[in-house]
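Structural overview for review
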Amino acid sequence: MGDDPRLWRDVVGPDPRTFIQAETRLRPVPLVPEIRLHVADEAVPLWHRTEEELGELGLPPPFWAFAWAGGQALARYVLDRPDLVAGRVVLDFASGSGLVGIAAAKAGAARVVCADIDRFAHGAIALNAAANAVALETETRDLVGSDAGWDVILAADICYERDLAGRVAAWLGALARRGATVLIGDPGRTYLPKDRLEMLAEYRVPVTRDLEDMEIKHTCVWRPRGL
């Protein structure tokens, strides 16, 4: 679809970037202060305003408007270990705000693709990439089951629904077996398949109580086991 705002209006009504700029503030990410994101103060009011803006009820939460715990941990891990992505092609799956993709770009990735099926996320990714002076590509398709030859796949906060977690875990496992580096950031979501994963790092991540049940979330970075 590209970044032509006229095309955005044709698909989703008013330009998502204009809406995002009006409803969020640009702030440093707590665990990754090198990166700034357009984030919202509260989840529920923004969720309702998003539904009103699009004239559609029952939309998913605005995942793009917050720095989730798994994304913060994974971004920190990548920035501290730039050799994991330097000169490589990286997929930031279920990107949301683009946080992890921005970290990969800052760490020297040759190319970063941020994939998210929420078109508002694409507006957020574009704004956040510009705010951090990095270049990111975007992808709107559901990529689960596909393989474009990425060298590194980064996935954070993806295990909050049973069916989604099962589909994604099988797909990521297949990508790891063919030789891709697969890293997952997760704060202990219910459907994380720990029995198939190896923990690489642990973090205490500041989060918004409006989103989580605590202000500090114990969060880990994982990779598929036995690879």
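Located above this text is the structure these notes cover.
1. Regarding the overall build of the protein chain
When helices and strands are tallied, the protein chain shows seven helices and nine strands. In the protein chain, buried positions account for 50% of the 227 residues. For the protein chain, the share of sequence-separated contacts (at least 6 apart) that also reach a separation of at least 24 residues comes to 65%.

2. A closer look at the environment of S146
By the secondary structure assignment, S146 is in the loop between β5 (137-139) and β6 (152-156). Dropping the residues within four chain positions of it, S146 is found in contact with W171 and L175. Only 2.5 Å separates the side chain of S146 from the backbone oxygen of L143, close enough to count as a polar contact.

3. Remarks on the sheet that holds strand β9 (residues 216-224)
Spatially, the seven strands line up as an open sheet ordered β5-β4-β3-β6-β7-β9-β8, and their pairing is mixed. Two strands bound the open sheet, and with one partner strand each, they are β5 and β8 (197-206). Between one strand axis and the next, the sheet turns by 20° as a mean value, whatever way the strands run. Where strand β3 (residues 89-93) lies against strand β4 (residues 111-115), five bridges are found, and the strand directions are parallel. Bridging across to β4, F93 finds its partner in A115. Strands β6, β7 (181-186), β8 and β9 of the sheet are contacted by helix α4 (residues 69-80), whose axis makes an angle of about 110° with β8. Running at roughly 145° to β7, helix α7 (residues 162-177) makes contact with β3, β6, β7 and β9 of the sheet.

4. A look at the side chain of T24
For T24, the position within the fold is in the loop between α2 (16-23) and β1 (25-28). Within the local environment of T24, its side chain forms a polar contact with the backbone oxygen of I20, the two atoms lying 2.6 Å apart. Beyond its immediate sequence surroundings of up to four residues, T24 is in contact with H38, V39, A40 and W64.

5. Focus on the pairing of β9
Bridging between β7 and β9 involves three bridges; their strand directions are antiparallel. Among the inter-strand pairings, D186 is bridged to a residue of β9, identified as C220. Sheet topology places β8 next to β9; nine bridges connect them, and they run antiparallel. For M199, the partnering residue across the bridge sits in β9 and is W222.

6. Re unusual backbone geometry
Located in the positive-phi region is A94, a residue other than glycine, with phi close to 50°. On the secondary structure map, A94 appears in the loop between β3 and α5 (99-106). On the accessibility criterion, A94 (34% relative accessible area) is partly exposed.

7. Observations regarding the packing of α2 against helix α6 (residues 119-131)
Contact geometry of α2 with α6 gives a least axis separation of 8 Å together with a crossing angle of 70°. In terms of axis orientation, α2 runs roughly perpendicular to α6. Judged by the sense of rotation from one axis to the other, the crossing of α2 with α6 is right-handed. Listed contacts from α6 to P16, R17, F19, I20 and Q21 of α2 are F120, G123, A124, A126 and L127.

8. A closer look at α4
Its twelve residues place the ends of α4 17 Å apart at the C-alpha level, agreeing with the 16 Å of an ideal helix rising 1.5 Å per residue. Counting buried positions along α4 yields eleven of twelve residues, so the element is predominantly enclosed. Buried residues along α4 sit against α5, β6, β7, β8 and β9.

Conventions adopted
Residues numbered from 1 in each chain as written. Predicted model: local features only at pLDDT ≥ 70, side-chain atom pairs only at ≥ 80, totals over all residues. Heavy atoms only, no water. Helix = DSSP H or I, 4+ residues; strand = E, 2+ residues; numbered from the N terminus. Buried < 20%, exposed > 50% of the residue type's maximum accessible area, 1.4 Å probe, protein only. Contact = heavy atoms within 4.5 Å. Polar contact = N/O pair within 3.5 Å; in protein donor to acceptor, adjacent residues only side chain to side chain. Pairing = 2+ DSSP bridges. Axes fitted to C-alpha atoms, helices over the stretch in contact; angles between N-to-C directions. Parallel < 35°, antiparallel > 145°, perpendicular 65-115°, else oblique. Left-handed = near helix turned anticlockwise from the far one by under 90°. Expected span 1.5 Å × (residues − 1).

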